[in-house]
Amino acid sequence: MTTASISDLRHHVGEAVIVQGWVTHFRSSGRIHFIIVRDGTGVVQCVFKHDEVQEPLTTETAVTVYGEVRADARSPIGVEIAVHQLVVTGQSPDYPITPKEHGTDFLMGHRHLWVRSPRQAAILRIRAAIIRKARGFLDDHGFTVADPPIITPAAAEGSTTLFGIDYFGEPAFLSQSGQLYMEALAMALGKVYSFGPTFRAEKSKTRRHLTEFWMLEPEMAFVEFEENLSWQERLMEAIVSGVLQDCADELAVIGRDVVPLARVKTPFPRITYDEALERLATLGMPVAWGEDLGAPHETALAEQFDRPVFVTHYPTALKAFYMQPDPKRPEVVLAADLLAPEGYGEIVGGSQRIHDLELLQQRLHQHQLPDSVYSWYLDLRRYGSVPHSGFGMGLERVVAWITGLEHVRETTPFARTLNRVWP
RNA sequence: UCCUCGAUAGCUCAAUGGUAGAGCACCCGGCUGUUAACCGGGUGGUUGUAGGUUCGAGUCCUACUCGAGGAGCCA
């Protein structure tokens, strides 16, 4: 007798198999009983007689089922199992999560169990596929994965709040971006990317924010602004088309409308910050030049397009010190935010970096950042500096967009938010 | 940090200032094909905390705690 995964059962009709999993539902009609068993690959109904099992088969009881696979037109997966023997390997009295509705606080407090639900499992599989497709695309296009440190001595961008730690008596911080290190690695390896956790102690409490999130950060030597955008849109297209290909079942489980995703093809539209302001004025949402775009503005802009849209050439004063000003128009930078459709906001932020030593020092001073902290970063401009560009993709926001979720907290196994560090 | 809303059974929610209830979960019983099965019965409460008003507070008032949504900031 072979052990089979539930997703493979349709290839075993007529055979005796072993299925190991957890009970999600128990139903009975007199002498005939039905349990629904899930094993992480799918769910299957198992049928047995009244007196064959003595132990209670409550929700999430772990079971090993020995039985015969039978084709059955009534089954959603085409087969069910006629049970010969059913062994309880782990009881589950009073499982807290029921088939009825639950509130956010309760579910997040039981996240260690909530991940067992089909919807959550599907989301995590899609997350895995997004990671796989993103890394695959970059690996296939000459990028070298090279990860920056997570414990860092200083901020990449002075303004953002950092989580401080005690590093053997010295103050240190959890990384809020690996970008500066990625610039160093790009000078060594050409095209590089990192993929890892980043931390922001911002007191942001919205559907788009976590205090710990994963970021994909490519950095490319000899790549200027336009080519940077090209890499971003090709990466996003590869991710979305790859997920549509690999995750049809999971997208169906969570009820995602895939029509908008199928439209995500290059080239993505590009509008400048100036054009964005014009469009917003037309929409009755005027923004003064020099002010940043808020979440409602981003949503309104994104709604005008059927695929992600780049907003480029933001005012220099709004952006980080390392972004390259446009030589033809220094009051704006060669930076772009990629806004996702359907109100998911900024999913990628990128720019060409300043490669001129003097200009970079000038910008540091304008931001009142000390040269001493950035001495190694300035070395990159002292020794063989070249134009280079990079971007950061927020994984959880991409997952939220592709899965159509209301909130990023469900896009990661154990979300860390402003008010929650448990479980 | 600011704005808004909320907290009653394990869960989701009811309850004119006047006897705290329902559905689900769980337990017992019934049903030989159920699909969030169904039918009958049962267990289950310091109404977030502290104070106040009142003959009487889940309900009204004050403070606090916790949570949710949003703003700012960001990916």
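Keep in mind that what you see is a predicted model, and the values were worked out from it rather than measured. (Residues numbered from 1 in each chain as written. Chains lettered and ligands numbered in written order. Predicted model: local features only at pLDDT ≥ 70, side-chain atom pairs only at ≥ 80, totals over all residues. Heavy atoms only, no water.)

Visitor: Kindly report on the overall build of chain A, identifying the contributing residues and their values.
Guide: Scanning chain A for helices and strands turns up 12 helices and 19 strands. Seen through its C-alpha atoms, chain A measures out along the principal axes to roughly 85 × 55 × 40 Å. Looking at chain A residue by residue over its 423 residues, the buried ones come to 48%. Put simply, 65% of the contacts in chain A that link residues at least 6 apart link residues at least 24 apart. (Helix = DSSP H or I, 4+ residues; strand = E, 2+ residues; numbered from the N terminus. Buried < 20%, exposed > 50% of the residue type's maximum accessible area, 1.4 Å probe, protein only. Contact = heavy atoms within 4.5 Å.)

Visitor: An account of the packing of aromatic side chains is needed here, citing residue identities and associated values.
Guide: Inspection of every chain in the model, using the stated rule, returns 13 aromatic pairs. Taking the centre distance of 6.5 Å and the plane angle of 65° together, the rings of tyrosine 374 and tyrosine 377 count as edge-to-face. With centroids separated by 5.9 Å and ring planes inclined at 75°, the aromatic side chains of tryptophan 376 and tyrosine 377 adopt a geometry described as edge-to-face. Under the relative-accessibility criterion, tyrosine 377 is labelled buried at 0%. Connected via pairs of aromatic rings, a cluster forms that spans Tyr181, Phe321, Tyr322, Tyr374, Trp376 and Tyr377. (Phe/Tyr/Trp six-rings, centres within 6.5 Å; stacked < 30°, edge-to-face > 60°.)

Visitor: Mind laying out the sheet that holds strand S9 (residues 164-167), listing which residues take part and the relevant values?
Guide: Pairing between sheet strands relies on hydrogen bonds along the backbone, with the strands arranged either parallel or antiparallel. On the basis of which strands lie adjacent, the open sheet formed by three strands has the order S8-S10-S9 and antiparallel pairing. Two strands close off the open sheet at either side, each with one partner strand: strand S8 (151-152) and S9. Of the pairings in the sheet, the one linking S9 to strand S10 (residues 170-174) comprises four bridges and is antiparallel in character. Opposite glycine 164, over in S10, you have phenylalanine 173 as the bridge partner. (Pairing = 2+ DSSP bridges.)

Visitor: An account of the packing of helix H3 (residues 118-140) against helix H5 (residues 225-246) is requested, with residue identities and associated values reported.
Guide: Two numbers describe how H3 lies on H5: the axes approach to 9 Å, and their chain directions differ by 135°. If you check the angle between H3 and H5, you find them oblique. The hand of the H3/H5 crossing is right-handed. Here H3 contributes Ile126, Ala129, Ile130, Arg132, Lys133, Ala134, Phe137 and Leu138 to the contact with H5, which in turn contributes Trp231, Arg234, Leu235, Ala238, Ile239, Gly242, Val243 and Asp246. When the residues that make up the contact of H3 with H5 are grouped by side-chain class, the tally is 11 nonpolar, one polar and four charged. (Axes fitted to C-alpha atoms, helices over the stretch in contact; angles between N-to-C directions. Parallel < 35°, antiparallel > 145°, perpendicular 65-115°, else oblique. Left-handed = near helix turned anticlockwise from the far one by under 90°. Nonpolar A, V, L, I, M, F, W, Y, C, P; charged D, E, K, R; others polar.)

Visitor: How would you sum up the pairing of strand S18 (residues 345-353)? Please name residues and give values.
Guide: Within S18, seven of the nine residues are buried, leaving the element largely enclosed by the surrounding structure. Pairing analysis gives six bridges linking strand S17 (residues 335-340) to S18, with the strands arranged antiparallel. By the bridge assignment for S18, alanine 340 is matched with glycine 345. Between S17 and S18, which pair antiparallel one after the other, the connecting turn spans four residues, and glutamate 342 there sits at a positive phi close to 60°. Strand direction decides the pairing type here: S18 and strand S19 (residues 388-394), joined by six bridges, are antiparallel. Within S19, the position partnered with valine 348 by the bridge is methionine 393.

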